[in-house]
Amino acid sequence: MGEDRRLAAVVALAQGMAAAHTPRESWRAAALGACRALAGGFAALSVWERDLGRLRVLVNVGDRAADEEEFPDVEAYPVHQFPEITEFLHERWASGGEPNAWVETAEGAAEGRPGYCHQRVAALRRRGRGSCVVAPIVLHGRAWGELYVARSSGTPVFDRADADFATVLAAVVAAGLAQTERLEEARRLAFTDALTGLANRRAVDVRLEEAVEQHRARGVVVSLVVCDLNGLKRVNDTRGHAVGDRLLERFGSVLSLCGAMLPEALAARLGGDEFCLLAAGPSADDVVRVAGELCRRAGELELGEGVACGVASTGDPIGPVRTARRLFRLADAAQYRAKAVRAARPVVAGREGPDDPVVRLADEPPRERPAAERRSFRGRP
């Protein structure tokens, strides 16, 4: 491959990773870009999980064998089967060498270092591949994993120049992975409450819009539990904000624990002393049961005075839910009623008959509400 074509291949790989929106997309772009750049038929990206002593495959692309999934749930190999990862990077690279790529063939070691004839050779033969090039990936000064590209039997075997080029590609992949990590961290911070580690209001808004769209398209049951932590102001005023923060953190842990009882529920802090659980899929009764458990556990906290909890679910008779805002208003109105009557259990929208007071409160225009019930629902008109 000429220098111009190799440069174009490097640029294409970098651009593909830069355009990725998720780690999976980044992994796939890395493997595909390297496979094309090296004229391979198959490529994989694997991460070295030190704590588990294994190489775990993140993505397989190209001509995959029957046992090779694109994004495998569990495809991992004990590192002792591939000692070059630890031996080469810790003994050779750490002592001043370079993390160079090497080539192996179905007949044994070929061009490049270190050249091991073991499990890789057996895998090449088993899957009808003639040669592979293996490039260690170094990220933040540490061995991160490897880039693997293979060619099928009957095609030209990788040579020294290919190994050198794979070393360059691995460096480009490392830079792309570092950028993906930074973007993921920024995304995590943008959607995470700093104090509790729960999701924040922005994350709830995004997830709720998606869930309501699923409800409208496929009838998925969407439920929202809105909670107001009682007694936080008293704790702040009498014991200090550090103790109040501890109460918020403790309740956040309780909310997370209860949320885990509902498959893929989102536990979030909306701001101040307000929290919520968002569930898409579980039945309304299951959500109400978990909300009851949440109230019970909150009442047992050493600090605070329990929680006022409101529930709104499309699985209950609350009328059509076409927007995320309406479901939020219903849950908010239920929570408001729970606080007003000092309910020890969740108040559930739609379960008090045709003229349900919660549904009426949520749906009435502000100017028509009785003065005693007039309220701004967290800034939503």
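Residues numbered from 1 in each chain as written. Predicted model: local features only at pLDDT ≥ 70, side-chain atom pairs only at ≥ 80, totals over all residues. Heavy atoms only, no water.

All right, on to the nonpolar core then. Membership of the largest hydrophobic core comes to 40 residues, with the highest contact counts inside it found for Leu 45, Val 133, Ile 137, Leu 169 and Val 173. For this core, the elements supplying multiple residues, two or more each, are helix H1 (3-18), helix H2 (23-37), strand E1 (42-49), strand E2 (54-62), strand E6 (129-139), strand E7 (142-152) and helix H5 (160-190). The element contributing the most residues to this core is H5, with 10 residues. In contact with Val 173, other than residues within four places in its own chain, are Leu 13, Met 17, Ala 30, Leu 45, Ile 137 and Leu 147. (Core = buried A, V, L, I, M, F, W, Y, C linked by side-chain atoms within 4.5 Å. Buried < 20%, exposed > 50% of the residue type's maximum accessible area, 1.4 Å probe, protein only. Helix = DSSP H or I, 4+ residues; strand = E, 2+ residues; numbered from the N terminus. Contact = heavy atoms within 4.5 Å.)

Turning our eyes to something else, we now look at the confidence of the model for the chain. Within the chain, residue pLDDT values average 86, and 88% of them lie at 70 or more. Residue range residues 111-115 is modelled with pLDDT below 50. Its contacts to residues more than four positions away, or to other chains, number 20 contacts. Long-range and interchain partners of residues 368-381, a stretch whose pLDDT sits below 50, account for 34 contacts in this model, where long-range means more than four residues apart. (pLDDT = per-residue confidence, 0-100.)

Another aspect to go through is the pattern of salt bridges. Tallied over the entire structure, the rule returns 24 salt bridges. Asp 67 is the salt-bridge partner of Arg 127, the closest N and O atoms lying 2.9 Å from each other. With a gap of 60 residues between them, Arg 127 in the loop between helix H4 (119-126) and E6 and Asp 67 in the loop between E2 and strand E3 (76-78) connect regions that are remote in the sequence. Ionic pairing is found between Asp 355 and Arg 360, a salt bridge with its closest N-O pair at 3.8 Å. A relative accessible area of 54% places Asp 355 in the exposed class. Assessed through its relative accessible area of 30%, Arg 360 is described here as partly exposed. (Salt bridge = Lys/Arg side-chain N within 4 Å of Asp/Glu carboxyl O.)

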